[in-house]
Amino acid sequence: MTGPAARAAELRRLLERANYAYYVLDKPELSDAEYDRLFRELQELEAKHPALRTPDSPTQRVGAEPATAFQKHRHLVPMLSLANAFNEAELAEWENRNARLVPEVRTAGYTLEVKIDGAAVSLTYEKGLLVVGATRGNGLVGEDVTANLRTVVDVPLRLRGKGWPQRMEVRGEVYFSKSRFAQLNHEREQANEPTFANPRNAAAGSLRQLDPKITRSRGLRIFCFHVEAPGQKLPVATQHELLEQLTAWGFPVETHHALVPDLPRANTAIATLEQALPALDYGADGVVVKVNPLKLHAELGTVGNREPRWAVARKFAPEVQVTKLKEIRINVGRTGALNPYAVLEPVEIGGVTVTTATLHNFDLIEAKDIREGDWVEVTRAGEVIPQVLGPVRDRRTGKERKFKRPERCPVCHSKVEYPSDEVMAYCSNVSCPGRILESIVHFAAVMDIRGLGYERVRALLDAKLIKDVADLYELTPMQLLALEGFAEKSAQQLVDAIQASKKQPLSTLLNALGLRHVGAQVAKLLARHFGTMKALRNASVEEISNIRGVGTAIAEAVAGFFDETKNRKLLDRLDKLGLTFTEPTAAERKGPLAGQTYVVTGTLPSLSRAKAGELIEAAGGHVADSVSKKTTALVVGADAGSKLERAKALAIPIIDEAELLRRARAKP
Ligand code: IVH
């Protein structure tokens, strides 16, 4: 290989290695600028010599051009679903049925695997290269979402090791870590986009984005567990060996799998696993029990091409409680979206008292016919916000009030708009006090202005002391004293907190301003790339969308914001008032934890998991989801789970909250 071909191969190797260091090890090796330079060189080379554009090229991972629709993909072998067993008796029945067909199953051994709650996918490899990635669809035909699956950081584009069949389909589950899911919903809330009801919906929705850049920005991960290679030999004889083989070929495999000799021991192990599931950083909705020898899979076969006989999902019911829905209220978000929610008779679910639950949108209330005064089933699983499942119809007395869609905004009484292509409804008044209130409260929360919550913002608006966020910076203690609830000290404290927020960096300010599609993550990307408000303000849609992780939709929203005179005027005022319009560079950001990676597990005495993460990042450190050789230390609280064992096995230092605070030079 000489000339362009050799250079392209070299660039692919460098970029793939940088990606691995960045996403898997969380230890960047190249600066963004260096990465971009190499990346562009490869793109140009591939444009000049299209024959050099290999499917495993990193240019193919970053996100191809948006598609207009997905192609259908017929699976080589149907993607089956699993039968459920909700208790030990049902599991025993499953074994009995199998034993009538193949008596050896009782002593052949079982593997136990965590049942990952995400979206099922099939990855087709030809000669070790990823050629197609597809959703399950109806099991026979799915959608070709290859461009999106290439953006999932741990999907292998090229297999490692040897012995893989020439053509095979690897089955796995694409999922969100709980922490990433919580962060994603938080970002969406801040960017005023509808939040996802659960990680499964979020995973499925993220896979079906027409713009792969959006999929990429979501931060999906994958676990693999199954291979289909019709007519070809697999170098393994059991499911247990297959999981090890998959790991050796480069596929992420969930680590809690176990091999047990028989059903009694499966039951003991399942009970232990059930305890461990809530502490995992991904949603698990059961344990999959599989007959270990692959030879028996063929003998047992499937039930009507629907479910394999050799596997069953042992499920644990999520906690559901019944309580009274007192009232349906509607909150007006920053974009004017009307968000309905249920006010509930307080009820304890999974150790948490629930008093409100989201109703998502009006379509859903109508589809489920949820009425005020209904007894409703409410559930809360993991990190997910409480949800109303539906009414208990036979407890109705006739006094329940049927829900009527509002024609007028509950805050300003302007007309409500129902766009035909959306499930959300909007207040038509751009200066609806509900929206302004929300946007100022959001601004105060993001800028960390302590003591400026709903009540006070509402009081300031009512007293006409403020109309927008810039007015906050001109408030005096004297003005506040005239309001109810302020004393000399508290008035001074609030003014001080407002003034102190002027020091927040550009990224925080951008997030606080609440541009559509711009949450904390995107704001950071924008601020770090452009460095100053001025540079960002003058950037074109194209320049903005060229940033890794920023798609066209975001770029258009950002440019659109700066195009509006009203916004430009607001920014000019904020500039004059002395807010920070610049972002510190990487060197300036270096803190006491620079270059270090921490993993947090268990319940810490004073910090929540999210706060501990913020603290580590604020001190320049990285936070990772799982313990690896690269982990600087594991921060351990009460009831730590498997991460603690893994850290011990890898001899990773184990520290407590006090030590973390000391290292970060922070006070609790
Ligand atoms: S085995 C023929 N193993 O659960 C292979 N499935 O409800 C059948 N799932 O569509 C699937 N974790 O997407 C298997 N360890 C695991 C799994 C798993 C999650 C999903 C899978 C399947 C669905 C069935």
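That block above? That's the structure.
In this report, the structure presented in the accompanying data block is examined. Remember, predicted model here, so these are calculated numbers, not experimental data.

Conventions and cut-offs
Residues numbered from 1 in each chain as written. Predicted model: local features only at pLDDT ≥ 70, side-chain atom pairs only at ≥ 80, totals over all residues. Heavy atoms only, no water. Near = heavy atom within 4 Å. Areas by Shrake-Rupley, 256 points an atom, 1.4 Å probe, with all protein chains shown as cover. Helix = DSSP H or I, 4+ residues; strand = E, 2+ residues; numbered from the N terminus. Nonpolar A, V, L, I, M, F, W, Y, C, P; charged D, E, K, R; others polar. Expected span 1.5 Å × (residues − 1). Buried < 20%, exposed > 50% of the residue type's maximum accessible area, 1.4 Å probe, protein only. Arc of directions from axis to C-beta. Contact = heavy atoms within 4.5 Å. Polar contact = N/O pair within 3.5 Å; in protein donor to acceptor, adjacent residues only side chain to side chain. Core = buried A, V, L, I, M, F, W, Y, C linked by side-chain atoms within 4.5 Å. Salt bridge = Lys/Arg side-chain N within 4 Å of Asp/Glu carboxyl O. Axes fitted to C-alpha atoms, helices over the stretch in contact; angles between N-to-C directions. Parallel < 35°, antiparallel > 145°, perpendicular 65-115°, else oblique. Left-handed = near helix turned anticlockwise from the far one by under 90°. Phe/Tyr/Trp six-rings, centres within 6.5 Å; stacked < 30°, edge-to-face > 60°.

## Looking at the site of the ligand
- Taken together, 13 residues form the shell around the ligand, and within it Glu113, Ile116, Ala120, Glu173 and Lys290 come nearest.
- In isolation the ligand offers 530 Å² of accessible surface; the protein chains occlude 90% of this area.
- Broken down by secondary-structure element, the contributors of at least two residues to the shell around the ligand are strand 3 (110-116), strand 8 (221-228) and strand 10 (284-291).
- With four residues, strand 3 is the largest single contributor of residues to the shell around the ligand.
- Of the residues assigned to the shell around the ligand, the class counts are eight nonpolar, one polar and four charged.

## Overview of helix 6 (residues 178-190)
- With 13 residues, helix 6 extends 18 Å from end C-alpha to end C-alpha; this agrees with the ideal 18 Å at 1.5 Å per step.
- Residues of helix 6 that are buried include every one of Lys178, Arg180, Phe181, Leu184, Asn185, Glu187, Arg188 and Gln190, and no others.

## Details of helix 10 (residues 263-276)
- With 14 residues, helix 10 should cover 20 Å at 1.5 Å per step; its first-to-last C-alpha distance of 20 Å lies within 8% of that length.
- Within helix 10 the residues assigned to the buried category are Leu263, Ala266, Asn267, Ile270 and Leu273. The arc enclosing the buried residues of helix 10, seen along the axis, measures out at 125°, which places them on a common side. Opposite its buried face, helix 10 presents the exposed residues Pro264, Thr268, Thr272 and Gln275, each directed more than 90 degrees away.
- Of the surrounding elements, those touching the buried residues of helix 10 are helix 4 (88-101), strand 3, strand 9 (258-260), strand 10 and strand 13 (311-314).
- If you check the start of helix 10, you find a side-chain oxygen 3.2 Å away from the backbone N of Arg265, and it comes from Asp262.

## What to know about the nonpolar core
- Ranked by size, the top nonpolar core spans 55 residues in total, and within it Phe443, Ile449, Leu472 and Tyr473 carry the most contacts.
- Once residues within four sequence positions are removed from consideration, Leu472 is found in contact with Ile440, Phe443, Leu452, Leu460, Ile466 and Ile498.
- Counting 35 residues, the second largest nonpolar core, distinct from the first, contains Ala202, Leu220, Cys224 and Val236.

## Regarding the pattern of salt bridges
- Counted by the stated rule, this structure contains 34 salt bridges.
- Across the pair Asp369 and Arg371 runs a salt bridge, and its minimum N-O distance is 2.9 Å.
- When its relative accessible area of 19% is taken as the criterion, Arg371 is described as buried.
- In this structure, Arg537 and Asp572 form a salt bridge, with 3.2 Å as the shortest nitrogen-oxygen distance. Note that Arg537 is positioned in helix 20 (residues 533-537) and Asp572 in helix 23 (residues 565-576), a separation of 35 residues in sequence.
- For Asp572, a relative accessible area of 35% puts it in the partly exposed group.

## A few points about the packing of helix 13 (residues 433-446) against helix 14 (residues 454-462)
- At their nearest, the axes of helix 13 and helix 14 sit 10 Å apart, and the two run at 125° to each other. One element, helix 13, and the other, helix 14, form an angle in the oblique class. For the crossing formed where helix 13 meets helix 14, the hand is right-handed. Across from Ile436, Leu437, Glu438, Ile440 and Val441 in helix 13, the residues of helix 14 making contact are Tyr454, Val457, Arg458 and Leu461.
- Residues of the contact of helix 13 with helix 14, tallied by class, amount to seven nonpolar, no polar and two charged.

## Considerations on the environment of Tyr35
- On the secondary structure map, Tyr35 appears in helix 2 (residues 32-48).
- Taking the C-alpha atoms as reference points, Tyr35 and Ala18, separated by 17 residues in sequence, lie 7.8 Å from one another.

## Considering the packing of aromatic side chains
- By the definition in use, this model includes eleven aromatic pairs.
- A centroid spacing of 5.6 Å and a plane angle of 40° characterise the contact between Trp94 and Tyr110, whose relative ring orientation is tilted. Within this pair, whereas Trp94 is found in helix 4, its partner Tyr110 is found in strand 3, the two being separated by 16 residues in sequence.
- Residue Trp94 is classed as buried on the basis of its relative accessible area of 4%.
- Residue classification places Tyr110 among the buried residues on the basis of a relative accessible area of 0%.
- On the basis of an interplanar angle of 65° and a centroid distance of 5.5 Å, the ring pair of Tyr175 and Tyr282 is categorised as edge-to-face.

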